[in-house]
Amino acid sequence: MKETTIKIYDGSAGGWGALASTATHLLKSKTPLKNIQTLLKTNQKTGFDCPGCAWGDTKHNALASFCENGAKAVNWEATSKKVTREFFAEHSVSDLDKESDYFLESEGRLTEPMRYNAATDHYEPISWQKAFNLIAENLNQLDSPDQAEFYTSGRASNEAAFLYQLFVRSFGTNNFPDCSNMCHEASGVGLTESLGIGKGTVGFEDFDQADAIFVFGQNPGTNHPRMLDTLRDAALNNAKIVSFNNLRERGLEKFTHPQNPIEMLTNGHTKISSHYYTPRLGGDMALVRGIVKGLIQLDKAAIAGNKPSIFDHAFITQHTQGLDDYLALVNDTEWAFIENQSGITQADLMDIANLYAKSERVICTWAMGITQHKHSVATVQEILNLLLLRGNIGKPGAGAAPVRGHSNVQGDRTMGINEQAPKDLLDAMEKQFGRAFPRHAGHNAVQAVEAMQNKQAKVFIGLGGNFAAAMADTDVTRAAMRNCDLVVNISTKLNRSHITPGKNALILPCLGRTEIDETAKGEQTITVEDSMSMVHGSGGMLDPVSENLYSEVAIIARISKATLGKDPIDWLEYAADHSKIRDLIEKCIPGFANFNERIKKPGGFYLGNKAAERIWQTDSQKAQIISNALPEKLIEDIVAESLPNERVLSLQTLRSHDQYNTTIYGLNDRYRGISNGRDVVFMNAEDIKALGLIAEQAVTITSHWTDGTTRKISGLKVVPFDIPKGNVAAYYPETNPLVPLKSYGDRSFTPTSKSVAVTIAAVKH
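Remember, it's a predicted structure, so these values are computed and weren't measured experimentally. (Residues numbered from 1 in each chain as written. Predicted model: local features only at pLDDT ≥ 70, side-chain atom pairs only at ≥ 80, totals over all residues. Heavy atoms only, no water.)

### Some remarks on the overall build of the chain
Helix and strand counts for the chain come out as 31 helices and 33 strands. For the chain, whose C-alpha radius of gyration is 25 Å, the value lies close to the compact-globule estimate of 27 Å for 765 residues. By its C-alpha atoms, the chain is 80 × 65 × 55 Å across when sized along the principal axes. Looking at the 765 residues of the chain, the share that counts as buried comes to 63%. A separation threshold of at least 6 residues defines the contact pool for the chain, and within that pool the share at least 24 residues apart is 78%. Within the structure as shown, the chain displays about 27900 Å² of accessible surface, and the carbon and sulfur contribution to it stands at 50%. Averaged over its 78 positive side-chain charges, the chain has a centre that lies 2 Å from the centre of its 88 negative ones. (Helix = DSSP H or I, 4+ residues; strand = E, 2+ residues; numbered from the N terminus. Rg over C-alpha atoms; globule rule 2.2 N^0.38 Å. Buried < 20%, exposed > 50% of the residue type's maximum accessible area, 1.4 Å probe, protein only. Contact = heavy atoms within 4.5 Å. Areas by Shrake-Rupley, 256 points an atom, 1.4 Å probe, with all protein chains shown as cover. Lys, Arg positive; Asp, Glu negative; His and termini not counted. Charge placed at Lys NZ, Arg CZ, Asp CG, Glu CD.)

### Here we look at the packing of helix α14 (residues 284-304) against helix α16 (residues 323-332)
The N-to-C vectors of α14 and α16 enclose an angle of 100°; their axes lie 9 Å apart at closest approach. Classified by the angle between their axes, α14 and α16 sit roughly perpendicular to one another. Between α14 and α16, the residues in contact are Arg289, Val292, Lys293, Ile296 and Lys300 and Tyr326, Leu327, Leu329, Val330 and Asn331, respectively. When the residues that make up the contact of α14 with α16 are grouped by side-chain class, the tally is six nonpolar, one polar and three charged. (Axes fitted to C-alpha atoms, helices over the stretch in contact; angles between N-to-C directions. Parallel < 35°, antiparallel > 145°, perpendicular 65-115°, else oblique. Nonpolar A, V, L, I, M, F, W, Y, C, P; charged D, E, K, R; others polar.)

### Here's the deal with the state of the cysteines
Evaluated as defined, the whole model comprises zero disulfides. A disulfide-free cysteine, Cys484 has its sulfur positioned 19 Å from the sulfur of Cys179, the nearest such atom. Accessibility expressed as a relative area gives 0% for Cys484, which makes it buried. (Disulfide = S-S within 2.5 Å.)

### Describing the sheet that holds strand β16 (residues 459-463)
The mixed open sheet is built from six strands, whose spatial order is β6-β5-β18-β17-β16-β7. Both outer strands of the open sheet, β6 (122-125) and β7 (148-152), are each paired with one neighbouring strand and no more. Direction aside, neighbouring strands of the sheet carry axes that sit 20° apart on average. Running over the sheet, helix α8 (residues 158-171) touches β7 and β16 and is turned about 170° from β7. (Pairing = 2+ DSSP bridges.)

### Digging into empty space enclosed by the protein
Going through the model one piece at a time under the given rule, you end up with eight cavities of 30 Å³ or more. By volume, the second largest cavity amounts to about 370 Å³. Listing elements by their share of the lining of the second largest cavity, those giving two or more residues are α19 (368-371) and β25 (649-654). No other element matches the three residues that β25 contributes to the lining of the second largest cavity. Here the residues of the lining of the second largest cavity are counted per class, giving 11 nonpolar, 14 polar and seven charged. (1 Å grid on protein atoms, 1.4 Å probe; cavity = no way out; pocket = protein on both sides within 12 Å on 5 of 7 lines; lining within 4 Å. Points joined across faces, edges and corners; volume = space filled by probe spheres on them.)

### Considering the nonpolar core
Core analysis: the biggest nonpolar cluster contains 59 residues, and Ile135, Leu139, Phe150, Phe162, Leu506, Leu508 and Phe592 have the highest contact counts within it. At nine residues, the largest contribution of residues to this core is made by α8. (Core = buried A, V, L, I, M, F, W, Y, C linked by side-chain atoms within 4.5 Å.)

### Topic: the environment of Glu573
Mapping Glu573 onto the fold places it in helix α27 (residues 571-576). At a separation of 2.5 Å, a polar atom in the side chain of Glu573 contacts the side chain of Lys580. (Polar contact = N/O pair within 3.5 Å; in protein donor to acceptor, adjacent residues only side chain to side chain.)

### A short note on the sheet that holds strand β11 (residues 270-271)
Taking strand neighbours across the sheet as the criterion, the three strands line up as β2-β10-β11 in an open arrangement whose pairing is mixed. Lying at the two open borders of the sheet, with one neighbouring strand each, are β2 (13-14) and β11. Two elements, strand β10 (residues 254-256) and β11, share two bridges in a ladder whose sense is antiparallel. Its bridge partner lying in β11, Lys254 is registered against Lys271.

### Considerations on the layout of surface pockets
Considering only enclosed or pocket space, the largest pocket measures out at about 1400 Å³ in volume. As for the largest pocket, its lining consists of 42 residues, of which Thr192, Ile197, Gly198, Arg413 and Asn418 are closest to the centre. Elements supplying a minimum of two residues to the lining of the largest pocket: α9 (185-195), α21 (409-414) and α22 (423-433). Here the lining of the largest pocket takes five residues from α9, the largest share from any one element. Tallied by class, the residues present in the lining of the largest pocket amount to 12 nonpolar, 19 polar and 11 charged.

### So, the packing of aromatic side chains
For any pair of aromatic rings, geometry is given as the distance between the ring centres together with the angle between the planes. Tallying each qualifying case throughout the model produces 28 aromatic pairs. Their ring planes at 20° and their centres at 5.7 Å tell us that Phe244 and Tyr277 sit as a pair that is stacked. Of this pair, Phe244 sits in strand β9 (residues 240-244) while Tyr277 sits in strand β12 (residues 275-277), and the two are 33 residues apart along the sequence. Owing to a relative accessible area of 0%, Phe244 belongs among the buried residues under this scheme. Look at Phe460 and Phe467: their rings are 5.1 Å apart centre to centre, the planes differ by 45°, and that puts the pair in the tilted class. Judged by relative accessible area, Phe460 falls into the buried class, the value being 0%. These aromatic residues form a ring-pair network of at least three members: Phe150, Tyr164, Phe167, Phe171 and Trp571. (Phe/Tyr/Trp six-rings, centres within 6.5 Å; stacked < 30°, edge-to-face > 60°.)

### Focus on the pattern of salt bridges
In the structure shown here, the tally under the stated rule is 41 salt bridges. The closest approach of N and O atoms between Glu112 and Arg85, which form a salt bridge, is 2.8 Å. Taken together, the positions of Glu112 in the loop between β4 (109-110) and β5 (114-117) and Arg85 in helix α4 (residues 85-90) put the pair 27 residues apart, joining distant regions of the chain. The buried category is assigned to Glu112, whose relative accessible area is 13%. As a salt-bridge pair, Glu360 and Arg390 come within 3.7 Å of each other at their nearest N and O atoms. Note that Glu360 is positioned in the loop between α18 (346-358) and β14 (362-366) and Arg390 in the loop between α20 (376-389) and β15 (399-402), a separation of 30 residues in sequence. (Salt bridge = Lys/Arg side-chain N within 4 Å of Asp/Glu carboxyl O.)

Okay, structure coming up:
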């Protein structure tokens, strides 16, 4: 096996490297010519929606409307490699568990339903009907519907998600652990409490009109590369792009557009960030507090000089509540405390405040660098306070832009995938179907693991995704899943969740986004919702990789029929004609009037956003400027007090450039200089020296929590990187075993994957 190599990358994001990577993955698919044709239909008017990230489709009508990682996702799904019954006969589950996540998914597409045989430790073929009957039998013999957990990945379509939640609620529970619980839950909670809606308020046209864009806690060059197109256009429009990210990421520094001939031929690039700051992990809330404190000083100086106030008092008076309490809280926060917690100097914070004050239209955009901390909801609300102070919500070129992960994670929530039973949705459903639905809160992802751990939950059904690997505290999560009587995974490819069976387990293979879904009623279209609240139609163009596959909608409908009969609908009738599902969505969810007609529009349609219209769906009918105290101490400071003789660091887990969520496309991380490996930990040079380590030395990472459990990972190589002292970073899902299940965000329950207290030592030989 090749050794992992580490070499500093000094080029731009995109460019020839992106094209070379795309070509490499085309060849890996074994069907490069077919996949080139497929890629050219990605995100097009008559094609399919990219199965990767949730970044929207730009206004540009380019021939190639996909990014490097979108190409990887399409090639990964449209491979000719297959996982057959012969593969499962050859490999036991125990043997497969010794393989890497990359190996599991690289074996190809699942082709027929399989059932786990605990006696032989192998998966064996099962007919579809027997599989559906087995699920129904296990569900219907439960003492309570709340003993089942129904997980949803953001790759599910609107149609699949709506049908799934209708089935689960008809069955009698709101147990909807989903991928939002692991990533952007804090955004939804924070936005809803502050603005009255849990979604971002901006569209692409706002990025064109912004004077400044503040980018918090994200790496678009790897996680949503099409965003770089938007940021590049904004930079060329002279917008100031101010980036706050714990690591210096190449995509936020400079970008060579692969479709720009001049930049490609001259090896040129566009500078993305005009300002770049690297705060401490967990320090973003203090950072924003410092910007606001700077604004207060600028406001006082402006008023003293008989100049207009820095703050938009007309907007604040008409549209907000809570200003006085918040400003008092900011005034009471000492500069020294802000500097220490944020890792940013007062001078730099004053510079940022000046830039913000001089910008009439500002967008704040953020991702999981903000949302995976204990105080993430408060941090989101601090960012919203910053926007509200100058009326930067509900005007052109300004607003809040949380950047979601998987392609339809926002749509899933719109469709009702939410353990906090949405009252308006349930009211509409009860009117439509003439029956009651459960109103009590269900389980989120953390609570689902705890229920399985305590043997209170006995059935787990996963609609896509890879719960066993994606969830925190991997060993605890997998042990909990093994307690179940039945574990069911609806998937396109093999992953870690399939080799985490309960007493019984099923693999139900489904069609991919790229494949034609043809029923007796003809070819079916599905829809997704992106981060900009645009709803797009999507139809596959490839023949299914196997004749023995069902769509996600068809699988859900058949499970529902086997379990509930025709309560409350004839499930198979709706599975055969997705337009009928859209008719139900139109009747139950606001914003979907004339749904079937509107998806015919090229580019889709906008769902609307009341906060963007300055209509606040809060109790007071005003936007809330919310006063949250800064954390007294960050997690590593708390743990350091109990380990006075140790150098305690804060770990964040992150993706490599060759992965999307838990899917590992390859073993390279081009922009960070890593080739042929994932066994690395990025560290500040001063921390490396203080610990007596050297570059590329193998180390053991130990995480520390209050439960007395020892969590360790050994064999990672030290990589010096531009990261603040006291902070380290490593790849997930490999480092998810270090994230304690009980360490989660206040009110969000999101695992604190960006702030894990750790110690690091050389591997003992």
